Amino acid sequence: MARKLRYSNFVHRIDADALYDAIGFDPIDNDGKGNDIGHCFDVWGLHSHGDTTGKFAIHREKMIYNCWVCGGGSILSLVMEIRDL
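Here is a short report on the structure shown in this document.

Reading the values: rules and limits
Residue positions are counted from 1 within each chain, in the order its sequence is given. Local features in a predicted model are, by the rule used here, given only for residues with pLDDT of at least 70; side-chain atom pairs are given and counted only at 80 or more, and totals for whole chains, interfaces and linings are based on all residues. To obtain the side-chain values, all non-hydrogen atoms of the structure were used and water was disregarded. When two cysteine sulfur atoms are found within 2.5 Å, that pair is recorded as a disulfide. Residue exposure (1.4 Å probe, protein chains only): buried if accessible area is under 20% of the type maximum, exposed if over 50%, otherwise partly exposed. When DSSP finds two or more bridges between a pair of strands, those strands are recorded as paired. Secondary structure elements follow DSSP: runs of H or I no shorter than four residues count as helices, runs of E no shorter than two count as strands, and numbering proceeds from the N terminus.

**Description of the state of the cysteines**
- Tallied over the full model, the rule gives zero disulfides.
- Cys70 provides the cysteine sulfur closest to Cys40, a residue in no disulfide bond, and the two sulfurs are 3.7 Å apart.
- You can call Cys40 buried: its relative accessible area is 11%.
- The structure places no disulfide on Cys67, whose sulfur is separated from the nearest cysteine sulfur, that of Cys40, by 3.7 Å.
- Residue Cys67 is classed as buried on the basis of its relative accessible area of 2%.

**Considerations on the pairing of strand β2 (residues 35-38)**
- In this sheet, β2 lies alongside strand β1 (residues 29-30) in antiparallel orientation, the contact comprising two bridges. Bridge pairing in β2 links Asp29 to Ile37.
- Remark: four residues form the turn of the hairpin made by β1 and β2, two consecutive strands paired antiparallel; Gly32 in that turn has positive phi of roughly 80 degrees.
- Across four bridges, β2 lies against strand β3 (residues 56-59) in antiparallel orientation. Each bridged residue has a counterpart across the sheet, and for Ile37 the counterpart in β3 is Ala57.

In structure tokens:
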């Protein structure tokens, strides 16, 4: 029987810079607490006029994201939404 691959077993090996290149995230700021701040991808269409102020953040070490409008979650869930998987 094949062993299940769990996100928690490989998340620490994700290279943040390679991830940013792959999804097209270009941070505009860093809050000094590990969060790279930028514009939301708005894959759910919740921003009425797009994210013009940078309400989105990715925590580089924890590999989680959060948007003040859309909410947050794991990088895995974000990439799946961006890539429509």
